[in-house]
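Here's the letter readout for the chains.
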Amino acid sequence: MDTDTQRLLMIVEDDEAFARTLARSFERRGYKVLHAESMVQMSELLNEHTPDYAVVDLKLKGEASGLACVRHLHAHSSTMRIVVLTGFASIATAVEAVKLGAVHYLAKPSNTDDIEAAFGLMEGNADVELTNRSSSIKTLEWERIHEVLAETGFNISEAARRLGMHRRTLSRKLDKRRV
């Protein structure tokens, strides 16, 4: 396939092995793939490229969260189709991701089919089944923790302070409950 007709995809993911696997899978589907491990690398790539699509990990090592990356990508191109992937799924971060410009939010593990299908979604689905199941205390706690994490830019120390718990306690809760 000619490079000029390829769809350009940016993957913002700090797990090098996962990013490499995802990139190969998308390249086999005809995408040209750019990879950034951080917001800084992503910004440098955006100086030279305007991707059609982006896959962003919510929790990145270092200075910026995936939500900050989503905001930056959407500001760069409002037509870019952005999908957020996370192992720490919560309603609060899903809502924030969509508000900031993501078209979809997927919990890991998600495969290339799931991500590509999410790129194609142009509107919400009003036929999604509603349940009468009430949230458990643990689920409510998990949602509150992620809401505060999103508010603090995923700063564990500040989130723990706002939640009134020790930083190590919050870290243990996050390590126990990977989605």
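Residues numbered from 1 in each chain as written. Predicted model: local features only at pLDDT ≥ 70, side-chain atom pairs only at ≥ 80, totals over all residues. Heavy atoms only, no water.

Caption draft 1: Helix α6 (residues 137–151), seen in detail. Under the 1.5 Å per step criterion, the end-to-end length of α6 is 21 Å for 15 residues, consistent within 8% with the ideal 21 Å. Regarding α6, the residues found buried are Trp142, Glu143, Ile145, His146, Val148, Leu149 and Ala150. With its phi angle positive at about 65°, Gly153 sits one or two positions after the end of α6. (Helix = DSSP H or I, 4+ residues; strand = E, 2+ residues; numbered from the N terminus. Expected span 1.5 Å × (residues − 1). Buried < 20%, exposed > 50% of the residue type's maximum accessible area, 1.4 Å probe, protein only.)

Caption draft 2: Structural view of the packing of helix α4 (residues 91–100) against α6. With their axes 7 Å apart at the nearest point, α4 and α6 run at an angle of 40° to one another. Of α6, the residues touching α4 (which contributes Ile91, Ala92, Thr93 and Glu96) are Glu143, His146, Glu147 and Ala150. (Axes fitted to C-alpha atoms, helices over the stretch in contact; angles between N-to-C directions. Contact = heavy atoms within 4.5 Å.)

Caption draft 3: Looking closely at the sheet that holds strand β4 (residues 81–86). The strand order across the open sheet built from 5 strands is β2-β1-β3-β4-β5, with neighbouring strands paired in parallel fashion. Whereas interior strands pair on both sides, the edge strands pair on one side only; in this sheet they are β2 (31–36) and β5 (104–107). Along the sheet, successive strands turn relative to each other by an average axial angle of 20°, direction set aside. Sheet topology places strand β1 (residues 7–12) next to β2; 6 bridges connect them, and they run parallel. Pairing of Leu9 across the sheet is with Val33, part of β2. Across the sheet, helix α2 (residues 39–46) touches β1 and β2, and the angle it forms with β2 is around 135°. (Pairing = 2+ DSSP bridges.)

Caption draft 4: Structural detail: the nonpolar core. With 36 residues, the main nonpolar core has Met42, Val56, Leu73 and Ile82 as its most contacted residues. When near neighbours in sequence (up to four residues on either side) are disregarded, Leu73 contacts Met10, Met42, Leu46, Ala54, Val56, Met80 and Ile82. Among the nonpolar cores identified, the runner-up in size contains 16 residues, and Ala19, Tyr53, Val55 and Phe119 belong to it. (Core = buried A, V, L, I, M, F, W, Y, C linked by side-chain atoms within 4.5 Å.)

Caption draft 5: Summary view of the pairing of β5. Two strands pair when backbone bridges link them, and β4 and β5 are joined in this way by 4 bridges, in the parallel orientation. Each bridged residue has a counterpart across the sheet, and for Thr86 the counterpart in β5 is Ala107. In this fold, β4 hands off to α4, which returns the chain to β5; that crossover is right-handed. (Right-handed = clockwise from strand over helix to strand, strands pointing away.)

Caption draft 6: Summary view of the packing of aromatic side chains. Taken as a whole, this structure holds 4 aromatic pairs when the rule is applied. When the ring of Phe26 is compared with that of Phe119, the centres are 6.2 Å apart and the planes differ by 50°; the resulting orientation is tilted. With Phe26 in helix α1 (residues 16–28) and Phe119 in helix α5 (residues 112–120), the pair connects residues that are 93 residues apart, well separated along the chain. We note that Phe26, like Phe119, is buried. Here the aromatic residues Phe26, Tyr31, Tyr53 and Phe119 are joined through ring pairs into a cluster of three or more. (Phe/Tyr/Trp six-rings, centres within 6.5 Å; stacked < 30°, edge-to-face > 60°.)

Caption draft 7: Up close: the packing of α2 against helix α3 (residues 66–76). Their axes nearest at 11 Å, the elements α2 and α3 cross at an angle of 10°. What the angle tells us is that α2 and α3 run roughly parallel. Two secondary-structure elements touch here, α2 through Met39, Met42, Ser43 and Leu46 and α3 through Ala68, Cys69, His72, Leu73 and His76. Here the residues of the contact of α2 with α3 sort into 6 nonpolar, 3 polar and no charged. (Parallel < 35°, antiparallel > 145°, perpendicular 65-115°, else oblique. Nonpolar A, V, L, I, M, F, W, Y, C, P; charged D, E, K, R; others polar.)

Caption draft 8: Quick look at the pairing of β1. When you tally the buried positions in β1, you get 5 out of 6 residues, the bulk of the element. Bridging between β1 and strand β3 (residues 53–57) involves 4 bridges; their strand directions are parallel. What sits directly across from Leu9, in β3, is Tyr53.

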